[in-house]
Amino acid sequence: MAEKNYNFKEIERKWQKKWEEKGIFRAKEGAKKKFYVLDMFPYPSGAGLHMGHAFVFSLGDIFARFKRLQGFNVLYPIGYDSLGLPAENAAITAGIRPEDYTKNSIANFMKQQKAMGWSYDWSRTFKTSDSSYYKWDQWIFLKMLEKGLAYRKKSSVNWCPKCRTVLANEQVVGGKCWRHEDTNVEIKYLEQWFFKITEYADELLSGLDKVYWSQRAKIMQKNWIGKSEGTEILFEVEGEKWPIFTTRPDTIFGVTFMVISCQHPRLFELVKEKQKKDAEKFLKKIKSVSEKEMGEVEKEGVFTGSYAINPINKEKIPIYAGNFVVADYGSGMVMAVPAHDQRDFEFAKKYKLPIKQVISGENVKEKAYAGAGILINSGEFNGLSSDEAKQHVTKALEFKKLGRKKVQYKLRDWLISRQRYWGTPIPVVYCEKCGIVPIPEKELPIKLPEHVKFGKGNPLETNEKWINTKCPKCKGKARRETDTMDTFANSSWYYLRYTDPKNKKRIFDTKKANYWAPIDQYIGGPEHITAHLIYIRFYAKFLRDLGLLKFDEPVLKYFTQGIVHASNGEKMSKSKGNVIEPLDTINKYGTDSLRLALVSSASPDKNTNWDENIVLGSYKFLNNFYNYFSSFNPGKKDARVESKVNSFVREITEDIENFQYNLAVIKIRQLFSFFQEKGADKLSAEIMLKLLYPFCPHITEELWQKFGNKSFLSLQKWPEADEKKINEQFEKEEKVIDDIINDINNVVRIIKDKGKNVSKVYIYSLPNELKLYESYSDAIEKRTGLSAKVYAVNAKDKYDPENKSKKVKPGKPGIYLE
RNA sequence: GCGGAUGUGCCGGAGCGGUCAAACGGGACAGACUCAAAAUCUGUUGGCUUAGUGCCUACAAAGGUUCGAAUCCUUUCAUCCGCACCA
């Protein structure tokens, strides 16, 4: 008989409405222990929600609902990271104003978000493109400026020709733009605004010990920050001292040449007249090489004609320009020790430069020896170990004021200028008399002008009226800064604004912020580890130093979710036409089914391929679930059922806590099957609803009500496992039953293969096991399709034509089939 | 090149020293119910064998530790992801 399909549409709409009306998910500061769950806020694109959104936000929602039931005061907000390029590009290609584009996109997003049933506190939502939000971006900028952490500098910067703006280091991925995988980043020399994130480099590194992130995430950040300890040594070149950085001062007697980066801004100060032509030719060649695909580029260089003096032994050594020295790390120049550094070795071989071994160990004929050892050929340092020599050499240099200990980072200062319109205007003016002048706090926000021309260059430069202003200091003529801030600035503190989103007087109330923050559980993609997650930590430390925050680390736990691909494993994308819209799936199966499906097939941190069958499977399960519980007749308490329930409560709780939703779902299904087989008492049934609730909140809320409960399931308490009720003996008994069913089916197959028919099974059990088999006889009948009869072996009236009861052993009853 | 992760049956994926030919889901196949089913239920799904048995081959490959390994160790191979000349 066909079961009725449950009316998910009606149920889901009903509960979404009720939750909203009653403000079930509103968060209020209080005495309860707080828990801050946060999904990274989305960029509201015109395309609407995609399956990846549906997936990642469901992960957060499940966790938030779970934590609420566990009794925490949960803050689970959402907003829109609405400043950014797509809105501006829509303005260029479709002639839509960025404000309108954003507004429409958000309306569309919201509709879909609500249909997904995510339990946000909607009263706290905001978008970053509101001047009431970006005003505080500007305020932070002014504070940075005040503290000397915002500065302008001319330097080589990354430029994306498609975005037509500069990019931060963190936005360059493998030499390409983060938004344009096919576009090589170009190097330009420009004067730009920077935030001095390197000021916090050390703390950004050490703070990683305080957070509970995956090993992988920590290592990635650690490498990105890239701390190395070494010595800065001054080499004299024609009377001027040039610093270089090395981690191997112990090899200083092995220096046989120097290499300056061919992109070094002061390179031509070193190039002699005689070598100028060669140098220029070389630079041209290098440039054409770097435009080719990446890959192993041979180390190449050219002699500059200049010589440096080795400060330790006064040797005169030639300076080369080379393509393998990074211009903006250290000082852009290195001392080359070919005997003990593989790169220098290769370079020396190519240009036939001397190789001088100064550390004993392996010989250095074929390749450099980069390990430690005992110093040789090193004057008074001979006989020292590498480690000792590092200290001694550095000390000797310090004594002569020609060197010092130094810590060097790979992390660069954060380039925040963008030459685009749809971002936060940087609140400074350029005054003819006073130079760069910050705009006073009380004049914030500096709003984006409505009328600009899109197309070429920075649109802000097209509104003269907006640009021309007065200097706040001297009231003379001044021009506004037309650069806007990187969108990553907007997202570096948004989590704090949620704690006090409507505050007009301050960036946020510090009491509120310090109550809710830091984020206890953050959820987002792996790609944010070396960008957003560094910036958000930097901002937190800065705001702490302003006295606004009482914690050091803004993100205590970080979960990186996987990506949902199309069914063939390709990326879902419009151009490939393989995008599945969450709304379509919801219309077909309901959001509870979709949510369940998204988390049931694989561990949430793994990439998965979309498979509609899984949604269908979830839908079938929920139908069964609904039909079972909507006509539920509670049974008596049964130790067996209670044991199962409690052991599953324990495990499922742990699984959800660890984001192993897939395992939790499997156990929920198993428990439900058990109920179908054995029945359940009322309490067990209610626990079942709670266990499924975080995943499928609508259907469980509905059933909760059907059970006669007046209050919301959303406000109940998460079940706790009663260890005393867990009895492992039951598990063993179940295994015995499974075994006998398997045996019966096996024999049935054999008999059928022989062409005979079977319809009945007789079971002969030891007297002390009789009850067990009797209690399972229904299940045996169901799963074998036979009518079953259970006898004790010693029963006088038993039907046993082949005397199978003789074979009986404990845990293994006799069976006869006919 | 360096660093990290992974490798299980037709597929997705559990298991992480014995109770494992391996949970759960999907697919496929068979049967039941039906006029009929894409619906529901039951079973089968490594091979051979068998009235509930026994054996063989199996958890990327090869070795090793152990009374015993999918699970621990070593090496190799493959895939994925980060950093890629950071001195």
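In what follows, the structure referred to is the one given above.
Along each chain, the written sequence defines residue order, and numbers are assigned to residues from 1. Following the order in which they are written, the chains are lettered starting with A and the ligands numbered starting with 1. It should be noted that, the model being predicted, local features are given only for residues of pLDDT at least 70 and side-chain atom pairs only at 80 or more, the latter also being counted only at that level, while totals for whole chains, interfaces and linings use all residues. As a convention, hydrogens and water are excluded, and side-chain values are obtained from all of the structure's heavy atoms.

Here the focus is the overall build of chain A. The helix and strand inventory of chain A stands at 26 helices and 29 strands. Think of it in three bands: residues with accessible area under 20% of the maximum for their type are buried, residues over 50% are exposed, and the middle band is partly exposed, with areas taken using a 1.4 Å probe on protein chains only. Going through the 818 residues of chain A one by one, you find that 55% of them count as buried. Residue contacts are counted whenever heavy atoms from the two residues lie within 4.5 Å of one another. Contacts spanning at least 24 positions in sequence make up 74% of the contacts within chain A whose residues lie at least 6 apart. Accessible surface is estimated by sampling points in the Shrake-Rupley manner with a 1.4 Å probe; for residues, cover comes only from the protein chains shown. About 38300 Å² of surface is accessible on chain A, with carbon and sulfur atoms providing 49% of the total. Once the 135 positive and 105 negative side-chain charges of chain A are each reduced to a mean point, those two points are 3 Å apart. A helix here means a DSSP run of H or I that spans at least four residues, while a strand means a run of E at least two residues long, and both kinds are numbered starting from the N terminus. In this tally, Lys and Arg are treated as positive and Asp and Glu as negative; His is ignored, and so are the chain termini. Charged side chains are reduced to one point each, which is NZ for Lys, CZ for Arg, CG for Asp and CD for Glu.

This part takes up the pattern of salt bridges. In what follows, salt bridge is the name for a side-chain nitrogen of Lys or Arg lying within 4 Å of a carboxyl oxygen of Asp or Glu. If you walk through the whole model with that rule in mind, you get 47 salt bridges. Between Glu269 and Arg266 there is a salt bridge; the shortest N-O distance is 2.9 Å.

Here, a strand pair is defined by DSSP locating no fewer than two bridges between the strands. With antiparallel pairing, the four strands of this open sheet are ordered in space as S4-S3-S7-S15. Because the sheet does not close on itself, it has two edges, and the strands there are strand S4 (165-167) and strand S15 (414-415).

Nearness here has a simple test: a residue counts as near a molecule or strand if at least one of its heavy atoms is within 4 Å of that partner. Near RNA strand B lie 45 residues; those nearest to it are Ser228, Thr247, Lys299, Arg343 and Asp743. In RNA strand B, the atoms that sit within 4 Å of the protein are 63% sugar and phosphate, with bases accounting for the remainder. Distance and chemistry together define a polar contact, namely a pair of N or O atoms within 3.5 Å, with one atom able to donate a hydrogen and the other to accept it when in protein, and with adjacent residues in sequence counting only for side-chain atoms on both sides. One of the backbone N or O atoms of Pro813 is found 2.8 Å from a base nitrogen in RNA strand B. Ranked by the residues each element gives to the surface near RNA strand B, the list is headed by helix H24 (residues 728-753), at six residues. As a working rule, the residues Ala, Val, Leu, Ile, Met, Phe, Trp, Tyr, Cys and Pro are called nonpolar, Asp, Glu, Lys and Arg charged, and the rest polar, with Gly in that last group. Among the residues making up the surface near RNA strand B, the classes are represented as 17 nonpolar, 12 polar and 16 charged.

Only the contacting stretch of a helix is used when fitting its axis, a line to C-alpha atoms as for every element, and angles between N-to-C directions run 0 to 180 degrees. For the pair helix H22 (residues 682-692) and helix H23 (residues 697-706), the least separation of the axes is 8 Å and the interaxial angle reads 155°. For the element pair H22 / H23, the angle class is roughly antiparallel. The way H22 lies across H23 gives a crossing that is left-handed. On H23, the residues that touch Glu686, Leu689, Lys690 and Leu692 of H22 are Thr700, Leu703 and Trp704. Here the contact of H22 with H23 is composed, by residue class, of four nonpolar, one polar and two charged. Convention used here: angles under 35 degrees read as roughly parallel, angles over 145 as roughly antiparallel, angles from 65 to 115 as roughly perpendicular, and any remaining angle as oblique. Left-handed describes a crossing in which the near helix is turned anticlockwise from the far one by less than a right angle; the clockwise case is right-handed.

With an omega dihedral of -5°, the bond running from Leu444 to Pro445 counts as a cis peptide bond. Take Pro445: it is sitting in the loop between strand S19 (435-438) and helix H12 (464-467). Residue Ala517 is joined to Pro518 through a cis peptide bond whose omega torsion reads 0°. Note that Pro518 resides in the loop between helix H15 (510-516) and strand S23 (521-524). The residue Arg164 is not glycine, and still its phi comes out positive at about 55°. Along the chain, Arg164 falls in the loop between strand S3 (150-160) and S4. Here Arg164 falls in the partly exposed class, since its relative accessible area comes to 27%. A positive phi is found at Lys314, a non-glycine position, where the angle reads about 65°. The exposure class of Lys314 is exposed, given its relative accessible area of 52%.

Now for the packing of helix H19 (residues 612-630) against helix H21 (residues 661-678). Helix-helix packing is described using two parameters, namely the angle between the two axes and the distance between the axes. The geometry of H19 relative to H21 is characterised by a closest axis approach of 11 Å and an angle of 40° between their N-to-C directions. Taken together, the axes of H19 and H21 are oblique relative to one another. Of the two possible hands of crossing, H19 and H21 adopt the one that is left-handed. Contact residues: Gly617, Phe621, Asn624, Phe625, Tyr628 and Phe629 in H19; Ile668, Arg669, Phe672, Phe675 and Gln676 in H21. The class makeup of the residues in the contact of H19 with H21 is seven nonpolar, three polar and one charged.

Each residue after the first adds 1.5 Å to the expected span of a helix. Here helix H2 (residues 51-69) contains 19 residues, and its C-alpha end-to-end distance of 27 Å stays within 8% of the 27 Å for a straight helix at 1.5 Å per residue. The element H2 is extensively covered by neighbouring structure, given that 18 of its 19 residues are classed as buried. One or two residues past the end of H2 sits Gly71, with phi positive at roughly 100°.

Let's shift gears to the sheet that holds strand S17 (residues 424-425). As summarised here, the arrangement of the three strands in space is S16-S22-S17, forming an open sheet in which the pairing is antiparallel. The open sheet terminates on both sides in strands that have one partner only, identified here as strand S16 (417-418) and S17.

Attention now moves to helix H17 (residues 582-589). Where H17 is concerned, the buried positions are Pro582, Thr585, Ile586 and Tyr589. Take H17 and look down its axis: the buried residues cluster within an arc of 100°, on one side only. Contacts made by the buried residues of H17 are with helix H1 (8-22), H2, helix H4 (98-116), helix H18 (591-600) and H19. At the exit of H17 stands Gly590, carrying a positive phi of roughly 95°. The arc refers to the directions leading from the helix axis to the C-beta atoms.

Turning to the nonpolar core, a few remarks are in order. Membership of the largest hydrophobic core comes to 88 residues, with the highest contact counts inside it found for Trp414 and Tyr495. Sorting elements by how many residues they give to this core places helix H16 (residues 532-545) first, with nine residues. Residues in contact with Trp414, not counting those within four places in the same chain, are Ala168, Trp193, Phe194, Phe195, Ile197, Asp486, Phe488, Ala489, Ser492, Tyr535, Phe538 and Tyr539. Residues enter a nonpolar core if they are buried and are Ala, Val, Leu, Ile, Met, Phe, Trp, Tyr or Cys, with the set joined through side-chain atoms within 4.5 Å. If you look at the next biggest cluster of nonpolar residues, it comprises 86 residues, including Ile62, Val615, Val645 and Ile668.

In this section: the environment of Ile751. In this structure, Ile751 sits in helix H24. Placed 67 residues apart in sequence, Ile751 and Glu818 show a C-alpha to C-alpha distance of 9.3 Å. The contact partners of Ile751, leaving out residues within four places of it in the chain, are Lys756, Val758 and Leu817.

Turning to the pairing of strand S8 (residues 227-237), a few remarks are in order. Of all 11 residues that make up S8, eight are buried, and the element is covered over most of its length. Here S8 pairs with strand S14 (residues 403-409) via seven bridges, running antiparallel. Counted as the bridge partner of Thr231 is Lys405 from S14. Hairpin connection of S8 to strand S9 (residues 240-246): two residues between the antiparallel strands, including Glu238 at a positive phi of 45°.

Our working definition of a disulfide is a cysteine sulfur pair at a distance within 2.5 Å. Applying the stated rule across the entire model yields zero disulfides. Lacking any disulfide linkage, Cys474 is separated from the closest cysteine sulfur, that of Cys431, by 3.5 Å. Given the relative accessible area of 30%, Cys474 is considered partly exposed.

Just geometry here; none of it tells us what the structure is for.
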